[in-house]
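Here is what each chain is made of, one letter per residue.
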Number of protein chains: 4
Amino acid sequence: MTAGPHTTHVRVRYAETDQQGVAHHAQYFVWMEAGRVAFLRDLGFPYDRVEAEGTMFPVVEASCRYMSPVRFEEEVEVETRCRSVRSRGVVFDYDFRVAGRLVATGSTSLVALGPDRRPVRIPEALARALDRGTL
Amino acid sequence: MTAGPHTTHVRVRYAETDQQGVAHHAQYFVWMEAGRVAFLRDLGFPYDRVEAEGTMFPVVEASCRYMSPVRFEEEVEVETRCRSVRSRGVVFDYDFRVAGRLVATGSTSLVALGPDRRPVRIPEALARALDRGTL
Amino acid sequence: MTAGPHTTHVRVRYAETDQQGVAHHAQYFVWMEAGRVAFLRDLGFPYDRVEAEGTMFPVVEASCRYMSPVRFEEEVEVETRCRSVRSRGVVFDYDFRVAGRLVATGSTSLVALGPDRRPVRIPEALARALDRGTL
Amino acid sequence: MTAGPHTTHVRVRYAETDQQGVAHHAQYFVWMEAGRVAFLRDLGFPYDRVEAEGTMFPVVEASCRYMSPVRFEEEVEVETRCRSVRSRGVVFDYDFRVAGRLVATGSTSLVALGPDRRPVRIPEALARALDRGTL
């Protein structure tokens, strides 16, 4: 994978809408996660394997700005970028687009924890790969 | 707890609605689970402890019939009954009511698994309690 | 589209897992919906348009049998078949497979409602298309 | 209702956990919504009625900081405060506590939209009530 943003797509499910007729705002955090997981997979570090090998990455901070609603059946492009990697944490930024138009932006901070949920260093190879993936 | 049905309440959350303006049908299975968990808790077998002690109860069959939609902010009464207990499995039935009116019914079958996900017998004391809770 | 089953794929999201380390059982109903919606889209009747044109299809009965758990990041093949079409209702069956292995089956019955939530006939062209899509 | 924070409680559902064995981070936004809705209900402005009367309040910004995980069956106290009310928008802050200990904080900004999703002024009586509810 070359450095730079990673793109994945989600299509808005009926179950993800609410009675305003648009995707519920909490759903975007699930889509950020889908984008992040696809990013890691394409980077060669599928997150299921990362966890199986003993490091989990809980989210410690998450935010989202919603500019335009998205609707059932719309295809949402999720662009995921690694903003920064430190020894024990990593920050991802996200842009959501529908038909090329920016509809929301988000950000999540994650930390590396061991199986006992104590902070650990991000595995070296993953840290390097994330760093290369950072613009 | 005396034998017989157990009652708990859930209030329909905004996130649980869909663009039809009613609670999404998949949500009822989450409410059945909430009813079942409350039933076990009141029976003296909180499910978090049951799992921590080594037995989990995955759902192997689930069904729901929807008679009338339920809406945001409505309070739904979930009546949970244990229909049958066998050595390795248990069946629960559910009635959903809003303001006394039956709006849906459901059923779930669960089996007992050990930490390795292999079938085990339901712990003796829990089986007896469930049996007493069965009409 | 030729007659016969329709296939779509979902990848298990992290948010869809529960503390048993497998996809939560309620999630399968969301996947059935995704399969059904993709089936309708490929049939030429995107469900967003069907609703916009005045007919909605709430689920009045749903069931699922779970044979094997599915895990985070696994790709689940959802095969959707229209079992029967009547004037006011339609039944879909579903098979879930992971790597070719059947892991769950499900079924949903839906009825056609007008904007006022009263029963209506399924739009003629859609009924015919569903009928052709039925084995 | 006297001025000041409003408190409601949610119990962590099994379906809300993920394979890390804790409540999924997206879920907290649903709990914020539950807190906000309960706040409005106790203030005399049930949100279902607010929407039925023609004003909806989509979330335009949301954030959460996670300090400690919360687990299945834990009771989470959600304290909701109205931080500011303007003519067209309102900001709520949230504290999440388990057994008195702060486990997360959050914030959401909402704007008032009319039925056509165009910005409108917050209904006068609601704005006054929120303002009284603000510390």
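Residues numbered from 1 in each chain as written. Chains lettered and ligands numbered in written order. Predicted model: local features only at pLDDT ≥ 70, side-chain atom pairs only at ≥ 80, totals over all residues.

Draft legend 1. View of the interface of chain D and chain A. Every contact between the two is made by 16 residues of chain D and, on the other side, 16 residues of chain A. Secondary-structure elements contributing two or more residues to the side of chain D that touches chain A are helix 1 (27–42) and strand 2 (59–66) of chain D. Sorting elements by how many residues they give to the side of chain D that touches chain A places strand 2 of chain D first, with 8 residues. For the side of chain D that touches chain A, the class distribution of residues is 11 nonpolar, 3 polar and 2 charged. (Contact = placed C-beta atoms within 7 Å. Helix = DSSP H or I, 4+ residues; strand = E, 2+ residues; numbered from the N terminus. Nonpolar A, V, L, I, M, F, W, Y, C, P; charged D, E, K, R; others polar.)

Draft legend 2. Expanded view of the pairing of strand 3 (residues 75–85) of chain D. All names here are of chain D. One ladder, built from 6 bridges, connects strand 1 (residues 6–11) with strand 3; its direction is antiparallel. Considered in strand 3, the bridge of H6 is made with T80. Pairing between strand 3 and strand 4 (residues 89–98): 8 bridges, direction antiparallel. Its bridge partner being in strand 4, R81 is matched across the sheet by D93. Taking the residues that link successive antiparallel strands as the turn, the strand 3-strand 4 hairpin has 3 residues. (Pairing = 2+ DSSP bridges.)

Draft legend 3. Focus on unusual backbone geometry. Residues other than glycine seldom take positive phi values, yet A:R117 does so here, at roughly 65°. Its place among the elements puts A:R117 in the loop between strand 5 (101–111) and helix 3 (124–133). One non-glycine residue with positive phi stands out, namely B:E73, at about 80°.

Draft legend 4. Just the relation of the copies chain C and chain B, in detail. Superposing chain C onto chain B takes a rotation of 180° plus a shift of 0.0 Å along the axis, which leaves an RMSD of 0.0 Å. The symmetry that links the two subunits is that of a two-fold axis. Distance from the rotation axis, computed per C-alpha, reaches its smallest value in chain C at C:S63: 2.0 Å. When the interface residues of chain C are mapped onto chain B, 100% of them again lie at the interface, so the same face is used by both copies. (Least-squares fit on C-alpha atoms with pLDDT ≥ 70 in both.)

Draft legend 5. Geometry of the sheet that holds strand 1 of chain D. As summarised here, the arrangement of the 10 strands in space is 1(A)-3(A)-4(A)-5(A)-2(A)-2(D)-5(D)-4(D)-3(D)-1(D), forming an open sheet in which the pairing is antiparallel. Taken across any chain shown, the strands that pair with only one partner, and hence form the sheet edges, are strand 1 (6–11) of chain A together with strand 1 of chain D. On average, adjacent strands in this sheet sit at an angle of 20° to one another, irrespective of strand direction. Contacts between helix 1 (residues 27–42) of chain A and the sheet are confined to strand 1, strand 2 (59–66), strand 3 (75–85), strand 4 (89–98) and strand 5 of chain A, with strand 1 of chain A contributing the most and set at about 135° to the helix. Packing against the sheet, helix 1 of chain D makes contact with strand 1, strand 2, strand 3, strand 4 and strand 5 (101–111) of chain D, and its axis sits at approximately 135° to strand 1 of chain D. (Axes fitted to C-alpha atoms, helices over the stretch in contact; angles between N-to-C directions.)

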